[in-house]
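Examining the three-dimensional arrangement
In case you want the letters, here they are:
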Number of protein chains: 2
Amino acid sequence: MEPIDAIDFEKAGGLITAVTLDDATGDVLMVAYMNSESFRKTLELGEVVYWSRSRNELWVKGESSGHTQEVAEILIDCDDDTVLLKVRQTGGAACHEGYKSCFFRSVREAGARIEITETRLETPEAIYGRK
Amino acid sequence: MEPIDAIDFEKAGGLITAVTLDDATGDVLMVAYMNSESFRKTLELGEVVYWSRSRNELWVKGESSGHTQEVAEILIDCDDDTVLLKVRQTGGAACHEGYKSCFFRSVREAGARIEITETRLETPEAIYGRK
């Protein structure tokens, strides 16, 4: 079976969830979404292409930031609607906020405060330029 | 700010994505969804409660299998619509298919076949009983 045929894009209206990990460390870098076209392009290019839900368009990761993601491995979950992408991240930061990972804030105690737990590597202005 | 207020449940129609990791190893165990009630209950109980999209009800993880997930830490992503749950998994298998992780199949080559890469720890019959 072709990987594209194994995936159930229809369960959530055309989109699957993609969890992206640093292939070297296993750290979760980000979570985003893919439609069948972006999944197919990811397989073709060997670089990650998401579907942007906010812009409603294909999103070649790193197109504006240079922070591309080269695919090392793709895993599929038991109910065929989520993929796990192991990638080699170009540049230190996967997150548009300049952190390595989008998950840089922690809920420290149940019902308590939220705290930044990671080090910012770059500012968004350094990544995308001042707007 | 309370953690529950920090999260944007409305972006995807009341649900956020939850990526669940083994706190000891960092391995991704599963991906599921939460509404505000399940997130609040997770904070209260210290055990993970998802929202089942297929059954359309609160899903106390492990309620039928005994494979509960005790919360070690919760991280929130940069755009407030995804959480990363670090858990202590009871029993070896987080997946209803009897694998440690739901991501037990790999796309081996672009455009090529899908392969099971993990060891099955239990059968679904052993977990849930024969139906």
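A brief look at the structure comes next. (Residues numbered from 1 in each chain as written. Chains lettered and ligands numbered in written order. Predicted model: local features only at pLDDT ≥ 70, side-chain atom pairs only at ≥ 80, totals over all residues.)

Let's talk about the overall build of chain A
When its secondary structure is counted, chain A shows 3 helices and 8 strands. Ordered by position in the sequence, the α and β elements of chain A form the string α-β-β-α-β-β-β-β-β-β-α. Computed over its C-alpha atoms, the radius of gyration of chain A comes to 16 Å, within 12% of the 14 Å expected for a compact globule of 131 residues. Dimensions of chain A, computed from the C-alpha atoms along their principal axes, are close to 45 × 40 × 30 Å. Looking at chain A as a whole, 37% of its 131 residues qualify as buried. (Helix = DSSP H or I, 4+ residues; strand = E, 2+ residues; numbered from the N terminus. Rg over C-alpha atoms; globule rule 2.2 N^0.38 Å. Buried ≥ 20, exposed ≤ 12 C-beta atoms within 10 Å, placed from the backbone.)

Observations concerning the interface of chain B and chain A
In this complex, chain B contributes 30 residues to the contact, which on the side of chain A involves 30 residues. Elements with a minimum of two residues in the side of chain B that touches chain A: helix H1 (3–6), strand E1 (16–22), strand E2 (28–34), strand E5 (69–76), strand E6 (82–89) and strand E7 (105–107) of chain B. A total of 4 residues in the side of chain B that touches chain A trace back to one element, the largest contributor, which is E5(B). Looking at side-chain class alone, the side of chain B that touches chain A contains 18 nonpolar, 7 polar and 5 charged residues. As defined by bridge partners, strand E5 (residues 69–76) of chain A adjoins E7(B) across 3 bridges and the pair is classed as antiparallel. Across the sheet, the residue bridging to Ile74(A) is Val107(B), located in E7(B). (Contact = placed C-beta atoms within 7 Å. Nonpolar A, V, L, I, M, F, W, Y, C, P; charged D, E, K, R; others polar. Pairing = 2+ DSSP bridges.)

A closer look at helix H2 (residues 36–45) of chain A
The periodicity of an α-helix, 3.6 residues per turn, causes residues three or four places apart in sequence to face the same way. Residue and element names in this part refer to chain A. All of the buried residues along H2 are Ser38, Phe39 and Thr42. Each buried residue of H2 sits inside an arc of 100° when the element is viewed along its axis, so together they form one side. On the buried face of H2, the contacting elements are helix H1 (3–6), strand E2 (28–34), strand E3 (49–52), strand E4 (57–60) and E5. Glycine 46 lies just past H2 and shows a positive phi near 75°. (Arc of directions from axis to C-beta.)

Looking at the nonpolar core
Residues Ala18(A), Val19(A), Leu85(A), Ala18(B), Val19(B) and Leu85(B) are the most contacted members of the largest nonpolar core, which totals 68 residues. Those residues in contact with Val19(A) that sit more than four places away from it in its chain are Val28(A), Val31(A), Thr82(A), Leu84(A), Val19(B), Val28(B) and Val31(B). (Core = buried A, V, L, I, M, F, W, Y, C linked by C-beta atoms within 7 Å.)

Observations regarding unusual backbone geometry
All names here are of chain A. One non-glycine residue, asparagine 56, lies in the positive phi region at around 60°. Topologically, asparagine 56 is positioned in the loop between E3 and E4. The exposed category is assigned to asparagine 56, around which 8 C-beta atoms lie within 10 Å.

Details of the relation of the copies chain B and chain A
Here chain B sits on chain A after a turn of 180° about the axis and a move of 0.0 Å along it, with an RMSD of 0.0 Å. In symmetry terms, the pair is related by a two-fold rotation axis. Closest approach to the rotation axis among the C-alpha atoms of chain B is made by Gly26(B), whose C-alpha sits 3.6 Å away. The overlap is high: 100% of the interface residues of chain B also sit at the interface in chain A, so the same surface is used on both sides. (Least-squares fit on C-alpha atoms with pLDDT ≥ 70 in both.)

Notes on the environment of Ile16(A)
Residue and element names in this part refer to chain A. Checked against the element boundaries, isoleucine 16 lands in strand E1 (residues 16–22). Counting along the chain gives 65 residues from isoleucine 16 to aspartate 81, while the straight-line C-alpha distance between them is 5.2 Å. Not counting the four nearest positions on each side in its chain, isoleucine 16 is found in contact with Ile7, Phe9, Tyr33, Met34, Asp81, Thr82 and Val83.

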